Amino acid sequence: MVTHRSEIWSATLDHVGLVLIAMSIAIVIAVPLGMFIVQRPALRTFSLGVASVFQTIPSLALFGFLIPIPFIGGIGPRTAIVALVLYALLPILRNTYVGLTSIDPAVLEAAEAMGMTNTQILIRVRLPLALGIILAGIRTATVITIGVATIAAAIGAGGLGTFIFRGVAMVSDAVILAGAIPAALLAIVADLSLALIEHRLRAL
Amino acid sequence: MTYSVKGRSAPLISKLSVSVNSKETLVLLGRSGSGKTTLLRLINRMLVPSSGEVVVEGKSTVDWDAIRLRRHIGYVIQEAGLFPHFTVAENVGLVPGLEKWDPGRISKRTDELLRIVGLDPKEFAQRRPAQLSGGQRQRVGVARALGADPSILLMDEPFGALDPVTRSELQHEFSELARRLGKTIVFVTHDLREALLLGSRIVLLQTGRIVANAKPEEFLRIDHPEVKAFSATLHTGTPA
């Protein structure tokens, strides 16, 4: 039991690691991209379209597709992280765009009329006002990523999915639950804590 | 000066010429779509004329740096357009901050402006716009426009969204304030009462053209169907 406990603990840490790395990369890509596409309708349609397509590919299939691709593919955590990033992009990208564009037009008109430059308007008006909505996107993406990351075990990326696949193979509910319960708890904790931050931000 | 938009047959502002004298309050009166807001936005270069030019302080707006020009001209709009994530003080101190005044000078200026518009800085400076009434928000909007002491003030139906009682209070206070400040003011409204109360001159616009240009005391005597249409609103109570 002691060894099981430490095994679950280390798988949980691996799982959190996968999610944190994937989310960081997804945020670094999707938030600036969302800011960039506000003024560019053609690129907006294209990038939101591509991000949506990734969402429609079943996760197991996406992992499968990535394995033969050089550099980013292969067996292990690196491939899993690429796939997780692709899944996380859409909610963050879409919410960043929506957040930046759903600001009261009177506020933007005033900002322009007061002589703020476009950069000042983006940094001091649009971004702070969009932050709550952007964070809601990050929250959705985080919960999705925690779930999808369990499947990453199928391509040898480790994490809590290891127990789930092992449990399925062994026909052992106990082993499946050893992976599923911590994964569910992770998702709940992440969701609640991000919800709390989001709530604080919106109250400003 | 003409302003037209691609894909529209009739220009929004058509061969219009008007000059605003220093320190007067010029009221642009007209129905919705008559071009009054468009005209206002041409003054601070939010729009650029398709032909002709808009001259501000001896210089065409296209020769002004747009940012410099706008910081030089105060702007007040309906619903105020205050930044909801800024405090009242931060809103009022916006343009001085953009102009890199030092913080001590900004906070002195902010307090002074809040007092000018009838708000006690102690009570209001740290509030957020959401914690103010419509009338108070509009006062803050006026204070913000006066931030860096511009010589010109543009006002686009600033009191339009207020309840009639508050509106009347603010109109009378503002009329007093305008006299004291000695700014050049261009004021857009569709309310003839407001125009008569605040304007030192009234310019009536119809589909992008000037149909009347007169002092308030002469305005009602002008024989033009659009003037008559507006005069009629005086007798039927609150204008729409």
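That block above? That's the structure.
Residues numbered from 1 in each chain as written. Chains lettered and ligands numbered in written order. Predicted model: local features only at pLDDT ≥ 70, side-chain atom pairs only at ≥ 80, totals over all residues.

### Quick notes on the overall build of chain A
Okay, step 1: Within chain A one finds 8 helices and 0 strands.
Okay, step 2: Starting at the N terminus and walking to the C terminus, you meet the elements of chain A as α-α-α-α-α-α-α-α.
Okay, step 3: Out of the 204 residues in chain A, the part that is buried amounts to 39%.
Okay, step 4: Taking all contacts inside chain A whose residues are at least 6 apart in sequence as the whole, residues at least 24 apart take part in 72%. (Helix = DSSP H or I, 4+ residues; strand = E, 2+ residues; numbered from the N terminus. Buried ≥ 20, exposed ≤ 12 C-beta atoms within 10 Å, placed from the backbone. Contact = placed C-beta atoms within 7 Å.)

### Let's talk about the pairing of strand β7 (residues 201-206) of chain B
Residues and elements named next belong to chain B.
Okay, step 1: Where strand β1 (residues 25-30) lies against β7, 5 bridges are found, and the strand directions are parallel. Looking across to β7, one finds that L29 is bridged to L204.
Okay, step 2: Across 5 bridges, β7 lies against strand β8 (residues 209-214) in antiparallel orientation. Bridging from a neighbouring strand, Q206 pairs with R209 of β8.
Okay, step 3: Between the antiparallel neighbours β7 and β8 lie 2 residues, among them T207 with a positive phi of about 40 degrees. (Pairing = 2+ DSSP bridges.)

### Things to note about the environment of A:I69
Okay, step 1: Residue position: A:I69 is located in the loop between α3 (59-66) and α4 (77-101).
Okay, step 2: In sequence terms A:I69 and A:T79 are 10 residues apart; their C-alpha atoms lie 9.2 Å from each other.

### What to know about the interface of chain B and chain A
Much of the literature gives interface size as the accessible area that the parts lose upon coming together.
Okay, step 1: Chain B puts 14 residues into the contact, and the matching count from chain A is 14 residues.
Okay, step 2: Elements with a minimum of two residues in the side of chain B that touches chain A: α2 (66-71), β4 (73-77) and α4 (94-98) of chain B.
Okay, step 3: Residue composition of the side of chain B that touches chain A, by class: 8 nonpolar, 3 polar and 3 charged. (Nonpolar A, V, L, I, M, F, W, Y, C, P; charged D, E, K, R; others polar.)

### Brief notes about the nonpolar core
Okay, step 1: Judged by nonpolar contacts, the single largest core of 114 residues is most densely connected at A:A26, A:L84, A:A88, A:L89, A:I92 and B:L28.
Okay, step 2: Sorting elements by how many residues they give to this core places α4(A) first, with 14 residues.
Okay, step 3: Of the residues that make up this core, three or more belong to each of domain 1 (1-72 + 152-235) and domain 2 (83-150) of chain B.
Okay, step 4: Not counting chain neighbours up to four residues away, the residues in contact with B:L28 comprise B:K36, B:L39, B:L40, B:V186, B:V188, B:V203 and B:L205. (Core = buried A, V, L, I, M, F, W, Y, C linked by C-beta atoms within 7 Å. Domains from an automatic or database assignment.)

### Concerning the pairing of β4(B)
All names here are of chain B.
Okay, step 1: For β4, the tally of buried residues reaches 5 of 5 residues, placing the bulk of the element in the interior.
Okay, step 2: Side chains of β4 alternate between two faces, with I73, Y75 and I77 and G74 and V76 buried alike.
Okay, step 3: Sheet topology places β4 next to strand β5 (residues 152-156); 5 bridges connect them, and they run parallel. For G74, the partnering residue across the bridge sits in β5 and is L153.

Purely geometric stuff here, so don't read any function into it on its own.
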